[in-house]
Amino acid sequence: EDQVTQSPEALRLQEGESSSLNCSYTVSGLRGLFWYRQDPGKGPEFLFTLYSAGEEKEKERLKATLTKKESFLHITAPKPEDSATYLCAVRGIHLQGAQKLVFGQGTRLTINP
Amino acid sequence: SQTIHQWPATLVQPVGSPLSLECTVEGTSNPNLYWYRQAAGRGLQLLFYSVGIGQISSEVPQNLSASRPQDRQFILSSKKLLLSDSGFYLCAWSVGNQPQHFGDGTRLSIL
């Protein structure tokens, strides 16, 4: 069974203090690892897709990396507006043409000014 | 560009009452559609998915059902709500291998 575990559950940083969020996964045949950002009371917003070990993607202060067992979301010099819950998901088998995403429980990130 | 709409944004219902949540997608054709539930502090759990009109697959046995009467319309229903049906319900769409994109959800509280 595909599984995703994110750590830490919650993280508080000062503005400008860089850190990393972890996503460990087990999946039968990875067909993509996804990072989403979710603000309170809103739906998840897509950030990145990674497909193979060694791949990296960047967007503003965020960089996602992938190994065969885990992914990291690096946050460099964060600002208060980066505060959100960050969700990781893996896509394994296809469901008759649809996508089966298995999500982790998320990391709640708070950036203090 | 593609957009997804969910309504209502919040809903308070008594135990035993029926439920109907609606999701519509604009700007794309023949999308795959998904219903998820998110419990507080938990990840998203896939409830139903659909690859076409009238085609519904269930991932988790439960008190809910889904229907897709039109290409870009997805409906989540229940005949009698349980306390355990409370949660944040999210609709999503995807096309091909592109990422899933989510609506802003419905917060459902059962009293």
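Note: the structure precedes this text.
Residues numbered from 1 in each chain as written. Chains lettered and ligands numbered in written order. Predicted model: local features only at pLDDT ≥ 70, side-chain atom pairs only at ≥ 80, totals over all residues. Heavy atoms only, no water.

### Let's talk about the overall build of chain A
Here is the rule we go by: To qualify as a helix, a DSSP run of H or I must reach at least 4 residues; to qualify as a strand, a run of E must reach at least 2; elements of each kind are numbered from the N terminus. Radius of gyration: over C-alpha atoms. The globule rule applied is 2.2 Å multiplied by the number of residues raised to the 0.38 power. When accessible area is computed with a 1.4 Å probe and restricted to protein chains, residues below 20% of their type maximum are described as buried, those above 50% as exposed, and intermediate ones as partly exposed. Only heavy atoms matter for contacts: two residues are in contact if any of them lie within 4.5 Å across the pair. Only four residue types enter the tally: Lys and Arg on the positive side, Asp and Glu on the negative side, with His and both chain ends excluded. To locate a charge, the coordinates of NZ of Lys, CZ of Arg, CG of Asp or CD of Glu are taken.
A tally of helices and strands in chain A yields zero helices and 11 strands. In chain A, the succession of helices and strands from N to C terminus is β-β-β-β-β-β-β-β-β-β-β. In terms of C-alpha radius of gyration, chain A reaches 14 Å, essentially the compact-globule figure of 13 Å for 113 residues. Dimensions of chain A along its principal axes, counting C-alpha atoms only, are 45 × 30 × 20 Å. Counting all 113 residues of chain A, 45% fall into the buried class. Counting contacts in chain A only where the partners sit at least 6 residues apart, residues at least 24 apart contribute 56% of the total. Taken together, the 14 basic and 14 acidic charged side chains of chain A have centroids lying 4 Å from each other.

### A closer look at the sheet that holds strand β8 (residues 73–78) of chain B
Pairing between the strands of a sheet is mediated by backbone hydrogen bonds and can be parallel or antiparallel. Residue and element names in this part refer to chain B. Inclusion rule: Strand pairing requires that DSSP identify at least two bridges connecting the strands. Axis definition: a line fitted to C-alpha atoms, limited for helices to the stretch in contact. Angles are taken between N-to-C directions and run from 0 to 180 degrees.
Pairing is antiparallel in the open sheet, where four strands are placed in the order β1-β3-β8-β7. If you trace the sheet from one side to the other, it starts and ends with β1 (3–7) and β7 (65–70), each paired once. Averaged over neighbouring strand pairs, the angle between their axes works out to 20° when direction is ignored. Pairing of β1 with strand β3 (residues 19–26), which is carried by five bridges, proceeds in the antiparallel orientation. When the bridges of β3 are listed, His 5 appears paired with Thr 24.

### A word on the nonpolar core
Definition in use: By convention a nonpolar core is built from buried Ala, Val, Leu, Ile, Met, Phe, Trp, Tyr and Cys residues, the set being connected through side-chain atoms within 4.5 Å.
By size, the foremost hydrophobic cluster in this structure holds 23 residues, and its most contacted members are Leu 33, Trp 35, Leu 73 and Tyr 86 of chain A. Looking at this core, the elements that each hand over two or more residues are β2 (10–14), β3 (19–26), β4 (33–38), β5 (45–50), β7 (62–66), β8 (70–75), β9 (84–95) and β11 (107–112) of chain A. Element by element, the count of residues in this core is highest for β9 of chain A, at four residues. Residue contacts for Leu 73 of chain A: discarding those within four places in its chain leaves Ser 19, Ser 20, Leu 21, Trp 35, Phe 48, Leu 62, Lys 63, Ala 64 and Tyr 86 of chain A. Core analysis: the next-biggest nonpolar cluster, separate from the first, contains 20 residues, Ile 4, Leu 21, Phe 74 and Cys 91 of chain B among them.

### A look at the pairing of β7 of chain A
Residue and element names in this part refer to chain A. When you tally the buried positions in β7, you get four out of five residues, the bulk of the element. In this sheet, β7 lies alongside strand β6 (residues 56–59) in antiparallel orientation, the contact comprising four bridges. Opposite Lys 57, over in β7, you have Ala 64 as the bridge partner. Adjacent in sequence and paired antiparallel, β6 and β7 are bridged by two residues, among which Glu 60 carries a positive phi angle near 55°. Between β7 and the antiparallel strand that follows it, β8, lie three residues.

### A word on the side chain of Thr 65 of chain A
All names here are of chain A. To be explicit about the condition: Polar contacts, as counted here, are pairs of nitrogen or oxygen atoms within 3.5 Å of one another; within protein the pair requires one atom able to donate a hydrogen and one able to accept it, and residues that are adjacent in sequence qualify only if both atoms are side-chain atoms.
Along the polypeptide, Thr 65 turns up in strand β7. Thr 65 gets classed as buried once you look at its relative accessible area, which sits at 12%. A distance of 3.4 Å separates a polar atom in the side chain of Thr 65 from a polar atom in the side chain of His 74. Residues in contact with Thr 65, not counting those within four places in the same chain, are Leu 50, Glu 55, Glu 56, Glu 70, Ser 71, Phe 72 and His 74.

### Digging into the packing of aromatic side chains
The condition is simple: Put simply, two rings from Phe, Tyr or Trp (the six-membered ring, in Trp's case) pair if the centres are within 6.5 Å, and we call them stacked under 30 degrees between planes, edge-to-face over 60, tilted for the rest.
Evaluation of the coordinates by the stated rule reveals eight aromatic pairs over all chains. These aromatic residues form a ring-pair network of at least three members: Tyr 36, Phe 46 and Phe 103 of chain A together with Tyr 34, Tyr 36 and Phe 102 of chain B.

### Considerations on the interface of chain A and chain B
Where we set the bar: Once two parts are brought into contact, the accessible area they lose, counted with a 1.4 Å probe and summed over both, makes up the buried area. The term salt bridge refers to a pairing of a side-chain nitrogen on Lys or Arg with a carboxyl oxygen on Asp or Glu at a separation within 4 Å. Three residue categories are used. Nonpolar comprises Ala, Val, Leu, Ile, Met, Phe, Trp, Tyr, Cys and Pro, charged comprises Asp, Glu, Lys and Arg, and polar comprises the others, including Gly.
At the interface, 23 residues of chain A touch 25 residues of chain B. For the chain A and chain B pair, buried surface summed over both sides reaches about 1,800 Å², with 51% attributable to carbon and sulfur atoms. Inspection of the chain A/chain B interface yields two salt bridges. Note that Glu 59 of chain B and Lys 100 of chain A form a salt bridge whose closest N and O atoms lie 2.6 Å from each other. Across the chain A-chain B interface, the total number found is nine residue pairs in polar contact (both at pLDDT 80 or more). If you tally residues by element for the side of chain A that touches chain B, the top one is strand β10 (residues 98–103) of chain A, at five residues. Each residue belonging to the side of chain A that touches chain B can be placed in one class, and the counts come to 10 nonpolar, 10 polar and three charged.

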